[in-house]
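# Working through the structure, step by step
Here are the chains, one letter per residue:
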Amino acid sequence: MTNPQMAEKIRAGNGFIAALDQSGGSTPKSLRLYGVQDAQYSTDAEMFDLIHGMRARIVSSPAFTGERVIGAILFEMTMDREIGGKPSAKALWEDNGVVPFLKIDKGLEDVANGAQVLKPMPVLDELLKRAVDNGIFGTKARSVISAANETGIRSVVQQQFEVGNQVLAAGLVPIIEPEITIDIADKAEAEAILLTEITKALDTVPAGEQIMLKLTLPEVPNTYKSLCDDPRVMKVVALSGGYDRAEANRRLAQNTHMIASFSRALTEGLSFTQSDAEFNATLNATIADIHAASVAG
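Now for a description of the structure that goes with this document. (Residues numbered from 1 in each chain as written. Predicted model: local features only at pLDDT ≥ 70, side-chain atom pairs only at ≥ 80, totals over all residues. Heavy atoms only, no water.)

Let us now look at the layout of surface pockets. Of the voids in this model, the largest pocket is the one considered here, and its volume is about 720 Å³. As for the largest pocket, its lining consists of 28 residues, of which Asp 21, Gln 22, Ser 23, Ser 26 and Arg 142 are closest to the centre. Counting residues per element, the ones that place at least two in the lining of the largest pocket are helix 2 (27–33), strand 7 (138–145), strand 8 (173–180) and helix 11 (264–267). Element by element, the count of residues in the lining of the largest pocket is highest for helix 2, at three residues. (1 Å grid on protein atoms, 1.4 Å probe; cavity = no way out; pocket = protein on both sides within 12 Å on 5 of 7 lines; lining within 4 Å. Points joined across faces, edges and corners; volume = space filled by probe spheres on them. Helix = DSSP H or I, 4+ residues; strand = E, 2+ residues; numbered from the N terminus.)

Each pair of packed helices gets described by two things: the angle between the helix axes and the distance between those axes. In contact at an axis separation of 10 Å, helix 6 (residues 124–133) and helix 7 (residues 150–169) are set at 45 degrees when each is read in the N-to-C sense. In this view, helix 6 runs oblique relative to helix 7, as classed from their interaxial angle. Remark: the crossing between helix 6 and helix 7 carries right-handed chirality. Residues Leu 124, Asp 125 and Leu 128 of helix 6 form the contact with helix 7, whose own contacting residues are Val 163, Gln 166 and Val 167. Here the contact of helix 6 with helix 7 is composed, by residue class, of four nonpolar, one polar and one charged. (Axes fitted to C-alpha atoms, helices over the stretch in contact; angles between N-to-C directions. Parallel < 35°, antiparallel > 145°, perpendicular 65-115°, else oblique. Left-handed = near helix turned anticlockwise from the far one by under 90°. Contact = heavy atoms within 4.5 Å. Nonpolar A, V, L, I, M, F, W, Y, C, P; charged D, E, K, R; others polar.)

Our next topic: empty space enclosed by the protein. Within this structure, the stated rule accounts for two cavities of 30 Å³ or more. Size it by volume and the largest cavity reaches roughly 40 Å³. Considering the residues around the largest cavity, the lining is formed by Ile 104, Thr 139, Lys 140, Ala 141, Gln 160, Val 163, Gly 164, Val 167, Pro 174, Ile 175 and Ile 176. Of all the secondary-structure elements, those providing two or more residues to the lining of the largest cavity are strand 7, helix 7 and strand 8. Top element by residues in the lining of the largest cavity is helix 7. It accounts for four residues. In terms of residue class, the lining of the largest cavity is made up of seven nonpolar, three polar and one charged. In this model, the second largest cavity occupies a volume close to 30 Å³. For the lining of the second largest cavity, the elements supplying multiple residues, two or more each, are helix 3 (44–60) and helix 4 (76–79).

Looking now at the packing of aromatic side chains. All chains considered together, the criterion is met by three aromatic pairs. Centroid distance Phe 48 to Phe 75: 6.1 Å. Interplanar angle 25 degrees. Geometry classified as stacked. A residue pair is termed long-range when its members are at least 10 positions apart, and Phe 48 in helix 3 and Phe 75 in the loop between strand 2 (69–74) and helix 4 qualify at 27 residues. Of the residues examined, Phe 48 reaches a relative accessible area of 12% and is grouped as buried. Phe 75 gets classed as buried once you look at its relative accessible area, which sits at 14%. Here the basic side chain of Arg 57 rests over the ring of Phe 279, its NZ or CZ set 4.1 Å away from the ring centre. (Phe/Tyr/Trp six-rings, centres within 6.5 Å; stacked < 30°, edge-to-face > 60°. Buried < 20%, exposed > 50% of the residue type's maximum accessible area, 1.4 Å probe, protein only. Lys NZ or Arg CZ within 6 Å of the ring centre and 35° of its normal.)

What follows is about the pattern of salt bridges. This model, assessed by the stated rule, comprises 24 salt bridges. The closest approach of N and O atoms between Asp 203 and Arg 232, which form a salt bridge, is 2.8 Å. Of this pair, Asp 203 sits in the loop between helix 8 (187–201) and strand 9 (211–216) while Arg 232 is found in the loop between helix 9 (225–228) and strand 10 (233–239), placing the two residues 29 residues apart along the sequence. For Asp 203, a relative accessible area of 60% corresponds to the exposed category. Because the salt bridges share partners, they merge into one network encompassing Lys 187, Glu 191, Glu 219, Glu 247, Arg 250 and Arg 251. (Salt bridge = Lys/Arg side-chain N within 4 Å of Asp/Glu carboxyl O.)

This part covers the pairing of strand 10. Where burial is concerned, most of strand 10 is hidden: seven out of the seven residues are buried. Looking at chain direction, strand 9 and strand 10 are connected through six bridges and run parallel. The residue of strand 10 that forms the bridge with Leu 213 is Val 236. Across three bridges, the pairing between strand 10 and strand 11 (residues 258–260) is parallel. Paired with Ala 238 across the strands is Ala 260, a residue of strand 11. (Pairing = 2+ DSSP bridges.)

Listed below in structure tokens is the structure:
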């Protein structure tokens, strides 16, 4: 059973979800943006220690509270570590009032029909059980769409909802993320196809259950308004997808009832070399901007 207090916080949507789930493949780039160069570590273990330090610094900042940040998505290794002497998920909820989610996907298959579906997850049930035991509320899995191809988009959506129903059966709330690449020429057409396929797939959600959606900010504002209003959808959140924070916030503010779930746009401007005062001030200003855009609609 889902935690009712956590569910209500997400449904109310008075804030945004922080994406702190950079995986092994994206960690070096994330660290470089944070001011940590490749030469400053020599092993994967050192790399993951550094990225956990960045995440822990964000979560431990006085700016990072449930008043404006309603949720956070964690990498599996982050779930297994501690923040402030507590397991990360429990620290988020008990100390910050922030609802914890877990990234569960293991990467993407090669492109087929303009899309990349999820790689197999043979031990997903085991991971979902660990997530429940750790106090996780929901999950996130990311696929990628790079063309307005109906076959490719349908394959992404069908697989995502199959995984989503497996997550629901484990007592967790899935965030279904079929990301559309922001620089494709037929982005608006892909968004129209995606809306149609998601609307059909919602009929597979078991009665009384709710899923969440994480979608690329659309070319036409309120493209996904019908999904925001659907009773089978707890919340629709937006990924920044490579837009800088100013552009991501501008687009987000035009979409009613969508809230942010930003990663790069959240950490933009933060640096390993900043003093705590500088770091906290930068993060506070960033959180204020993203929160304002999230509640603007």
